[in-house]
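What follows is the residue order along each chain.
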Amino acid sequence: MADSAPKVMSMHAAIAAHVHDGDTVVIEGFTHLICFAAGHEIIRQGRTNLTLARLTPDLIYDQMIAAGCARKLVFSWAGNPGVGSLHAFRRAVEGENGPRLELEEYSHFGMVARFAAGAARLPFWPLRNYMGTDLPRANPRIATVTCPYTGEVLATVPALHPDVTIVHAQRADAAGNTQMWGLVGVQKEAAFASRRVIVVVEELVDESVIRSDPNRTLIPGMIVDAVVLEPWGAHPSYAQGYYDRDNDFYVAWERISRDRDELRRYLDEFVHGVRDRAAYMEKRPGLATRLKAKQRHASGVNYGF
Amino acid sequence: MADSAPKVMSMHAAIAAHVHDGDTVVIEGFTHLICFAAGHEIIRQGRTNLTLARLTPDLIYDQMIAAGCARKLVFSWAGNPGVGSLHAFRRAVEGENGPRLELEEYSHFGMVARFAAGAARLPFWPLRNYMGTDLPRANPRIATVTCPYTGEVLATVPALHPDVTIVHAQRADAAGNTQMWGLVGVQKEAAFASRRVIVVVEELVDESVIRSDPNRTLIPGMIVDAVVLEPWGAHPSYAQGYYDRDNDFYVAWERISRDRDELRRYLDEFVHGVRDRAAYMEKRPGLATRLKAKQRHASGVNYGF
Amino acid sequence: MATVAARELADGEVVFVGIGLPNLACNLARATHAPNLVLIYESGAVGAVPERLPVSIGDPALVTGSLMVCGMADVFQLFLQNGRIEVGFLGGAQVDRYGNINTTVIGTYERPRVRLPGSGGAAEIAIHARRTVIVSKLSPRAFPEQVDFVTSPGHRSGGVPRDALRMPGAGPVRVITDKAILAADPEAGELILAALYPGVTAAEVKASVGWPLAAGRDVGCVDPPAARDLELLRRVLDPKKLYLKG
Amino acid sequence: MATVAARELADGEVVFVGIGLPNLACNLARATHAPNLVLIYESGAVGAVPERLPVSIGDPALVTGSLMVCGMADVFQLFLQNGRIEVGFLGGAQVDRYGNINTTVIGTYERPRVRLPGSGGAAEIAIHARRTVIVSKLSPRAFPEQVDFVTSPGHRSGGVPRDALRMPGAGPVRVITDKAILAADPEAGELILAALYPGVTAAEVKASVGWPLAAGRDVGCVDPPAARDLELLRRVLDPKKLYLKG
């Protein structure tokens, strides 16, 4: 039911209301539109025992692991894209005493299929995959089903139902009708699979902007619980048409994350040391100028009849 | 493999090359973008023994059934939307001598799932459906599968792999990269499920138009075999942003299709009696003026970085 | 019927709209007591605000200015099967004692006397919408004891109740007719008389139904349409009388 | 390696591009002998024409001006599982005798000595792409007789050949290294020496591989990179030497 309570709120309020200790949390986005601002607020509010799920844990989950938020990681590729390793993740997993972080591991297709099943409210999703790989041995939740028509044995993964999914997007209206462009990853499926949805946007727009191009809407307001206006909230990830990826920071993370103390200093200064994303941006003069997107406008379309 | 042979051709050439007697043919489109021009050319070229598949047979399949093209119908709703019956279809199915047209019947969800399975090259698709209905009794291809995690029994439908799918769209480039907006139905899935794909467009545009808004592309050129420029090719169906649905004709079809002779006269005049869609439009002066779409432009988006 | 059906909708609900009277009822509700009703059409239009009365569920007026347009795979998987639809409207050539609906054939499936359009999305709406409302004119032909073919299941089909068949939705809670409102008995799932239109007798309704129609404990009286609603229907929502026939 | 890998691509092919050297190789092929190469990235960009060297497979430069951007459910279901990808590039920490690749762990899965990133899309690319090309620098550590963990299956995994496991694609047909090209023996599926870089001896290559490397019937000599290709790589495609290290 479309709730009539106002959904637009601060990041602090959204995380306080919708992310609880022990939750399964998804901050999705494939390189693009990863909501670092939400991850930082979760760290600031001291959430623990979270099951963090997403295809590519990226720097934000590395920070959350380092900050002690995570009990378990559900994923398919845990690296620093284009750079190297996530060292907080590796420290939590490698070594003779065994992992301090529980892992549930798939491939990208497997994770996508888990979200697709969750979004469709099916208990499983079939895929032609995993024959010959050791992944089902490492993860017994990868199972099989037999086709009732051909007798073929297909792989299956179980549905994933996050407690909360956080999606960063270019724009939404106050009711949470959300439009995204550029790489859209698996955000639609994750949102529909989820019990609660927080949308964080670069721009809060009038409903008429959304209604002018309804095919662009990926997430309808009826499944959204909170809308947060947080410009630059995806930095060092990017927002197509708004700002570029801060590759320098991804490269720097290799050095920062290798060293526990340096990592702690980073969190102290840029996460605990700021109140919100606006304060974070104030600490980085010149960033907005350096990364601001150039103009490349889409050809128009007509919706008249 | 992206073929280097030119794909842009006339409707006559596209149907001659890609639609053969006995094929399973899909002309999709949910009310919107139904390619009547392609159906008429199939009738003109005298194709027979076709298996016609689509969710809503609509007037175009009624005409193709009346013209003797069809051996079998695979469908989920056979009516004149908003008006009443498809009488050629009914005559072929009703009566004491039993149907002259083989039927394979699903619900909309079942047909969508068949295309989804075909597009994903899975032999079946699971759906939570059909409990309590008589549809599985009427169609034994609706089967079941047991979830390997929960033990739930779910319905299944088999993949549908058309020989050829014909999609009408607002615009494409010469390589067949195709953009659509407004109702998009199940066209993407049908095209990916199909062995061959014909795209028919209102406008043939430069590749740069497509590349200016890549999220709008629904069908990539690499799966397209022929591109036909055929303005007004969807009439009496419609093309959002180009022309409105000709409801008067849908209403008139009730009368035309009730009477075999009147239906034959219609086909003689408007299908066999014209060479192509341009000639068809010449027979209807005033139509373009009456149905031409008003302007309702989408808000712009920026793809820069 | 349109005004009575409109009352079934609460503000803010998400409703899967069929064509014809249900469409009129939903747009009337949106124009009156339920401005935040979210209209979803199986064609893929979500949050539609049609400027004219749509002549089909795929009308371009449902797209222009809507909140979202998605493909039909999403409509059926992400919205309907996902459990996001609160109310679904259904109609049909036959409605039986347990609210089963037939839109497939009169006669046998193999040798139909009358071939109807078939399910469309009705089977899955009947199974998944959290509740459904049936809209149909009353007549013995339209309300047999048992339908010739169960297209869309009601409260018992083949004698088996919904929950034993593991259907997610609650099924047809109300049947809006042109003479009375029927409701499903919460235990037996049988349709019983719930309320009469002004001037209609229970005997008249019972004579129009193919089974011994029971009456609920308190058979109410249906309020006549408000003048404002009739005005809206006739002047604004259906000025061409596309659906308001007779 | 980039120039040698680029030669594996024919004009008009549809190639699933990984990051790093494969990306460079694909863009080099597109700039030279294969202008109609269709580059698909697992991020969802189809027909990308990056204006700058992408620093990741999710780089915004892959989106701007591409032919199509789709969600990842479509990438894996409609493109990859559908069989539309002709060539996939793979790399990994370990490649074994049968072309199995490990990008998951060094050591045991439960107590890894080195935790690698994991599969990403590699497992399904290895299974579905019509053929794959592996790109990896030669060393005994990188080419053991058997990988610690099979992330992406080659021609035999656990002793069972691909066709018995019903894998749609043909598997790794070539392995491009910095000293030689290995190729899969069509029958046994074992990697054998196919061609040597100028100045490299077969003995040198055999010493860098953890199994007794057989040689193909005609061990060829790899042509050195054309001056034009090196110029393109150094001046246009990777001027910042993001991938062209050392």
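How each quantity is defined
- Residues numbered from 1 in each chain as written.
- Chains lettered and ligands numbered in written order.
- Predicted model: local features only at pLDDT ≥ 70, side-chain atom pairs only at ≥ 80, totals over all residues.
- Heavy atoms only, no water.
- Helix = DSSP H or I, 4+ residues; strand = E, 2+ residues; numbered from the N terminus.
- Buried < 20%, exposed > 50% of the residue type's maximum accessible area, 1.4 Å probe, protein only.
- Contact = heavy atoms within 4.5 Å.
- Lys, Arg positive; Asp, Glu negative; His and termini not counted.
- Charge placed at Lys NZ, Arg CZ, Asp CG, Glu CD.
- Pairing = 2+ DSSP bridges.
- Axes fitted to C-alpha atoms, helices over the stretch in contact; angles between N-to-C directions.
- Expected span 1.5 Å × (residues − 1).
- Salt bridge = Lys/Arg side-chain N within 4 Å of Asp/Glu carboxyl O.
- Least-squares fit on C-alpha atoms with pLDDT ≥ 70 in both.
- Patch = residues over 30% accessible without salt bridge, like charges linked within 9 Å, V, L, I, M, F, W, Y side chains within 5 Å.
- Areas by Shrake-Rupley, 256 points an atom, 1.4 Å probe, with all protein chains shown as cover.
- Buried area = accessible area lost by both parts, 1.4 Å probe.
- Polar contact = N/O pair within 3.5 Å; in protein donor to acceptor, adjacent residues only side chain to side chain.
- Nonpolar A, V, L, I, M, F, W, Y, C, P; charged D, E, K, R; others polar.
- Phe/Tyr/Trp six-rings, centres within 6.5 Å; stacked < 30°, edge-to-face > 60°.
- Parallel < 35°, antiparallel > 145°, perpendicular 65-115°, else oblique.
- Right-handed = clockwise from strand over helix to strand, strands pointing away.

Caption draft 1: View of the overall build of chain C. The number of helices and strands found in chain C is six helices and 16 strands. Expressed along its principal axes, the backbone C-alpha trace of chain C runs to roughly 45 × 40 × 35 Å. Each of the 246 residues in chain C was classed as buried or not, and the buried ones make up 65%. Counting contacts in chain C only where the partners sit at least 6 residues apart, residues at least 24 apart contribute 62% of the total. Here chain C carries 25 positive and 24 negative side-chain charges, and the mean point of each set is 4 Å from the other.

Caption draft 2: Quick look at the sheet that holds strand E7 (residues 153-158) of chain B. All names here are of chain B. Strand order in the open sheet formed by three strands is E5-E7-E6, with antiparallel pairing between adjacent strands. Of all the strands in the sheet, the pair left with one neighbour each is strand E5 (124-127) and strand E6 (143-146). Within the sheet, the average angular offset between the axes of one strand and its neighbour, ignoring direction, is 45°. Looking at chain direction, E5 and E7 are connected through four bridges and run antiparallel. Residue pairing in the sheet places phenylalanine 124 in a bridge with proline 158 of E7. Those strands touched by helix H5 (residues 108-119) are E5 and E7, and its axis lies near 140° from that of E5.

Caption draft 3: Structural context of helix H5 (residues 108-119) of chain A. The first and last C-alpha atoms of H5 of chain A sit 16 Å apart over twelve residues, in line with the 16 Å expected at 1.5 Å per residue. Taken together, the buried positions of H5 of chain A are occupied by His108, Phe109, Gly110, Met111, Val112, Ala113, Arg114, Phe115, Ala116, Ala117, Gly118 and Ala119 of chain A.

Caption draft 4: Up close: the pattern of salt bridges. Evaluated as defined, the whole model comprises 70 salt bridges over all chains. Where glutamate 8 of chain D meets arginine 174 of chain D, a salt bridge forms, and the shortest distance between an N and an O atom there is 3.1 Å. With glutamate 8 of chain D in the loop between helix H1 (2-6) and strand E1 (14-17) and arginine 174 of chain D in strand E13 (residues 172-176), this pair connects stretches of sequence that are 166 residues apart. Through salt bridges that share partners, Arg71, Lys72, Glu102, Glu104, Arg114 and Arg141 of chain A make up one connected network.

Caption draft 5: How the structure looks around the relation of the copies chain A and chain B. Overlaying chain A with chain B gives an RMSD of 0.0 Å, the required rotation being 180° about an axis along which the chain moves by 0.0 Å. Viewed as a symmetry operation, the transformation between the two copies matches a two-fold axis. In terms of C-alpha distance to the rotation axis, chain A has glycine 300 of chain A as its closest residue, with the C-alpha 3.4 Å off the axis. The residues that chain A uses at the interface reappear at the interface of chain B in 100% of cases, marking a shared surface.

Caption draft 6: Representation of the environment of leucine 182 of chain C within the structure. All names here are of chain C. By the secondary structure assignment, leucine 182 is in strand E14 (residues 180-184). With 22 residues separating them along the chain, leucine 182 and valine 160 place their C-alpha atoms 21 Å apart. With residues up to four places along the chain from it excluded, the contact list for leucine 182 reads Phe143, Val173, Arg174, Val175, Leu191, Ile192, Leu193, Ala194, Val205 and Leu213.

Caption draft 7: Broad picture of a nonpolar patch on the surface. Residues and elements named next belong to chain A. Residues Val8, Leu204 and Leu229 make up a contiguous nonpolar surface patch of roughly 210 Å² in combined accessible area. Within the element layout of this structure, leucine 204 appears in strand E10 (residues 196-204). According to the relative accessible area criterion, leucine 204 is partly exposed, its value standing at 33%.

Caption draft 8: Region of interest: the arrangement of the chains. Contact analysis covers five pairs of chains in contact, and the most contacts occur between chains A and B. Spatially, chain C and chain D are disjoint, and the shortest separation between their C-alpha atoms is 12 Å.

Caption draft 9: View of the interface of chain A and chain B. Tallying the contact residues gives 48 residues for chain A and 48 residues for chain B. By the criterion of area lost to chain B, the three top residues of chain A are Tyr149, Asn302 and Phe305 of chain A, representing 18% of everything that side buries. Between the two partners, chain A and chain B, sit two salt bridges. For the salt bridge of arginine 216 of chain B with aspartate 213 of chain A, the shortest nitrogen-to-oxygen distance reads 2.9 Å. The interface formed by chain A and chain B contains 38 residue pairs in polar contact (both at pLDDT 80 or more). Secondary-structure elements contributing two or more residues to the side of chain A that touches chain B are strand E5 (124-127), strand E6 (143-146) and strand E7 (153-158) of chain A. Across the side of chain A that touches chain B, the residue classes break down as 23 nonpolar, 15 polar and ten charged.

Caption draft 10: Region of interest: the packing of aromatic side chains. Residues and elements named next belong to chain A. Per the stated rule, a full pass over the model turns up 23 aromatic pairs over all chains. Taking the centre distance of 5.8 Å and the plane angle of 70° together, the rings of phenylalanine 75 and phenylalanine 89 count as edge-to-face. Highlighted residues: phenylalanine 75 in strand E3 (residues 70-75) and phenylalanine 89 in helix H4 (residues 87-93), separated in sequence by 14 residues. For phenylalanine 75, a relative accessible area of 0% gives the class buried. By relative accessible area, phenylalanine 89 is classed as buried at 2%.

Caption draft 11: The packing of helix H2 (residues 36-44) of chain B against helix H3 (residues 58-66) of chain B, seen in detail. Residues and elements named next belong to chain B. In contact at an axis separation of 10 Å, H2 and H3 are set at 5° when each is read in the N-to-C sense. With respect to their mutual orientation, H2 and H3 come out roughly parallel. Here H2 contributes Phe36, Gly39, His40, Ile42 and Ile43 to the contact with H3, which in turn contributes Asp58, Leu59, Ile60, Gln63 and Met64. Residues of the contact of H2 with H3, tallied by class, amount to six nonpolar, three polar and one charged.

Caption draft 12: Layout of helix H9 (residues 247-258) of chain B. All names here are of chain B. Relative to the 16 Å expected for twelve residues at 1.5 Å per residue, H9 spans 17 Å between its end C-alpha atoms, a close match to the ideal helical length. When we look at burial in H9, the residues that qualify are Asn247, Phe249, Tyr250, Ala252, Trp253, Glu254, Ile256 and Ser257. Taken together, the buried residues of H9 touch H2, H3, helix H4 (87-93) and helix H10 (260-272).

Caption draft 13: Fine view of the interface of chain C and chain A. The partner chain A presents 27 residues to the 27 residues of chain C that form the contact. The contact between chain C and chain A buries some 2300 Å² in all, and 60% of this surface belongs to carbon and sulfur atoms. On the chain C side of the interface with chain A, the three residues burying the most area are Leu67, Leu78 and Arg84 of chain C, jointly 27% of the side's total. Inspection of the region where chain C meets chain A yields one salt bridge. The closest approach of N and O atoms between aspartate 74 of chain C and lysine 188 of chain A, which form a salt bridge, is 2.6 Å. Run the count over chain C and chain A and you get eleven residue pairs in polar contact (both at pLDDT 80 or more). Elements with a contribution of two residues or more to the side of chain C that touches chain A: strand E2 (38-41), strand E4 (68-69) and helix H3 (72-81) of chain C. Top contributing element to the side of chain C that touches chain A by residue count: H3 of chain C, with five residues. Of the residues belonging to the side of chain C that touches chain A, the class tally is twelve nonpolar, eight polar and seven charged.

Caption draft 14: Structural context of the environment of alanine 226 of chain A. All names here are of chain A. Along the chain, alanine 226 falls in strand E12 (residues 226-229). Taking the C-alpha atoms as reference points, alanine 226 and isoleucine 142, separated by 84 residues in sequence, lie 33 Å from one another. Every residue in contact with alanine 226, bar those within four places of it in the chain, is listed here: Lys7, Met9, Ala14, His18, Val197, Ile198 and Val199.

Caption draft 15: Examining the pairing of E1 of chain D more closely. Residues and elements named next belong to chain D. On E1, burial covers both faces: Val14 and Phe16 on one face and Val15 and Val17 on the other are all buried. The pairing of E1 with strand E2 (residues 38-41) spans four bridges and is classified as parallel. Across the sheet, valine 14 pairs through a bridge with valine 38, a residue of E2. The parallel pair E1 and E2 is bridged by helix H2 (residues 21-31), and the resulting crossover is right-handed. The sheet contact formed by E1 and strand E5 (residues 87-90) spans two bridges and is parallel. Bridge pairing links valine 15 to valine 87 in E5.

Caption draft 16: Up close: the side chain of arginine 211 of chain B. Along the chain, the position of arginine 211 of chain B falls in helix H8 (residues 207-211). Of note is the side chain of arginine 211 of chain B, whose polar atom sits 2.7 Å from the side chain of glutamate 207 of chain B. Aside from chain neighbours lying at most four places away, what touches arginine 211 of chain B is Gly47, Val49, Gly65, Ser66 and Leu67 of chain D.

Caption draft 17: Representation of the sheet that holds E6 of chain A within the structure. All names here are of chain A. What the three strands build is an open sheet, ordered E5-E7-E6; its pairing is antiparallel. Every interior strand has two partners, whereas the edge strands, E5 and E6, have only one. Between one strand axis and the next, the sheet turns by 45° as a mean value, whatever way the strands run.

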